[in-house]
Amino acid sequence: MLYIDDIGRYFLMIKMSFFKPSKWKVQRKLIFKEINDLIIESIPIVAILSFFIGGVVAIQTALNLSSPFLSKSLIGFATRQSVILEFAPTFMSIIMAGKVGSYITSSIGTMRVTEQIDALEVMGINPLNYLVFPKIIALLFYPFVITVAMFVAIFGGFVAMTFAGVPSEAFISGIQMDFDPFHVSYAYLKTILFAFILATVPSYHGFYMKGGALEVGKASTLSFVWTSIIIIIVNFIITQLLLS
Amino acid sequence: MIEVKNIIKSFDGSKILKNISTTFEKGKTNLIIGQSGSGKTVLLKCLLGLHQPDSGEIIYDGISNTNMNESDKTLLRREMGMVFQGSALFDSMSVLENVMFPLNMLTNKNEEEIREKAKLVIERVELNNAINKLPSEISGGMQKRVAIARAIVMNPKYLFCDEPNSGLDPKTAIVIDKLIHEITKEYNITTIINSHDMNSVIEIGEKIIFLLSGEKNWEGTNTEILKTNVKSVKNFVYSSELLKKVKKYL
Ligand SMILES: Nc1ncnc2c1ncn2[C@@H]1O[C@H](COP(=O)(O)OP(=O)(O)O)[C@@H](O)[C@H]1O
Ligand SMILES: [Mg+2]
């Protein structure tokens, strides 16, 4: 029963965040700030993680393709496929649930426990529009983060293979092999859904939390757990629907 | 002036406010006093419209809260300023930005006018030196001043303060009380202050209502409260050792 309540309140929160909007002058500032905090500031960690994971994916694939009858270009192919289909959109989103998600929950949660949200409400401002809406808009740029992850990861694979002595023409021809644009559409469709989850689920956990500073920490952890679970389940459903 | 008529408010079946009626007067500092848990904050939040009473009526200068729609409520809110117990300043904004915030959000004045108006109010609460500091960089007393400045920057008709001097040392507490009192006079505001501090009662209690577990147990002024014979009020007033001793010598 509790979960059903939560789900109802979650969708109501999303609906409410579009009502009674702040002035455009204010809104624009908030959106730019969120784009900076949530998107731009995530790029470095995403790039670093992607580079090394891409490298590891390529090395492991190479290890498993030890038969001399298999073309080396398969390494590039397998790296590309796993990066575009799963690693960049799903795996990165789970990491972002930790970075962006806990940041959102703790910043909104702190505002809740220090009565800043009440202060907004007393002024006649819709706190959901003020706090949640700009995050939803900022995360429309999230596919950009995932694009960076895709390119950097494949580049990481390329670099690892160069060190391992795989001819670069073989890897590159593998990257270009049997390219199916639908896979890219599938990846970006997932990415957009994950972006929405990343903006709203942590906001929900922060906005409706109760208690003090200690509970802010607990809410952040809980928010990470739920955000990643929801991302994994949505990933499963989308993959079932589109690829199986 | 705010008139309260037969307000009842319960949470989860337990009555927190039990049929409260009173009036809060304009240009005066009205105090709601009572022990912790007696329902002061709940009453204040009803007046602010953050809680909807189960029954009863609140009349703001002749305008009743019953059959008010959302936009009426929003308009009424703009006439209200609130100083929260913990100040509730926006911690990512400087003192100046905090005070400019309501003007930025709710008016169509240009940046220059807003800045000027905010600076004027900050000057009034004597914080000119801290204008660019963040809330985390100033003392609790200064944070309260910023909160007061932010609450009055829109020229409200009603000012609400929830335990404005909690967490402050006694001297700073009196300074804050006096500041609220002076501002109430200067701007002719209906000010309502929650407190359990006898210092405030004596200093600025022009009109006092005493809550005892959700009921209005007594009302009067600061001169009357010291002479009252109502036992519960006496217990509250003379709960501090200091005042007990003072009374002995009276
Ligand atoms: N939102 C709420 N839900 C349920 N109970 C509440 C709520 N707010 C206050 N109460 C209860 O109402 C009573 C009075 O609280 P309050 O008005 O905060 O007291 P105080 O006089 O110390 O400000 C307390 O017993 C508190 O537990
Ligand atoms: Mg209280």
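The structure displayed is predicted, hence computed values, not measured ones. (Residues numbered from 1 in each chain as written. Chains lettered and ligands numbered in written order. Predicted model: local features only at pLDDT ≥ 70, side-chain atom pairs only at ≥ 80, totals over all residues. Heavy atoms only, no water.)

### Quick look at the domain arrangement of chain B
Residue and element names in this part refer to chain B. When the domains of chain B are assigned, the result is domain 1 (2-79 + 157-247) and domain 2 (88-155). Distance between the C-alpha centres of domain 1 and domain 2: 25 Å. Listed as interface residues are 17 residues of domain 1 and, on the opposing side, twelve residues of domain 2. Among the residues of domain 1 in contact with domain 2, R78, L179 and Y187 are the three that bury the most area, contributing 38% of the side total. Put simply, domain 1 and domain 2 have two salt bridges between them. A salt bridge links R124 to E186; the nearest nitrogen and oxygen atoms lie 2.7 Å apart. On inspection of domain 1 and its partner domain 2, the count reaches three residue pairs in polar contact (both at pLDDT 80 or more). (Domains from an automatic or database assignment. Contact = heavy atoms within 4.5 Å. Buried area = accessible area lost by both parts, 1.4 Å probe. Salt bridge = Lys/Arg side-chain N within 4 Å of Asp/Glu carboxyl O. Polar contact = N/O pair within 3.5 Å; in protein donor to acceptor, adjacent residues only side chain to side chain.)

### Description of the interface of chain A and chain B
The interface of chain A with chain B comprises 19 residues on the first partner and 24 residues on the second. Of the roughly 1800 Å² buried between chain A and chain B on both sides combined, carbon and sulfur atoms contribute 60%. The largest share of the area that chain A buries against chain B comes from E115, V122 and M123 of chain A, three residues that together contribute 34% of it. There are zero salt bridges connecting chain A and chain B. In this assembly, chain A and chain B are joined by five residue pairs in polar contact (both at pLDDT 80 or more). Those elements that place two or more of their residues in the side of chain A that touches chain B are α2 (24-39), α4 (73-113) and α5 (116-122) of chain A. The dominant element in the side of chain A that touches chain B, judged by the number of residues it contributes, is α5 of chain A, at six residues. (Helix = DSSP H or I, 4+ residues; strand = E, 2+ residues; numbered from the N terminus.)

### Focus on the sheet that holds strand β5 (residues 63-64) of chain B
All names here are of chain B. The strand order across the open sheet built from four strands is β2-β1-β4-β5, with neighbouring strands paired in antiparallel fashion. Because the sheet does not close on itself, it has two edges, and the strands there are β2 (14-24) and β5. Relative to β5, strand β4 (residues 55-60) is paired through two bridges, and the arrangement is antiparallel. Note on β5: the bridge partner recorded for I59 is S64. Against the sheet, helix α1 (residues 40-48) contacts β1 (2-11), β2 and β4, and its axis sits at roughly 60° relative to β2. (Pairing = 2+ DSSP bridges. Axes fitted to C-alpha atoms, helices over the stretch in contact; angles between N-to-C directions.)

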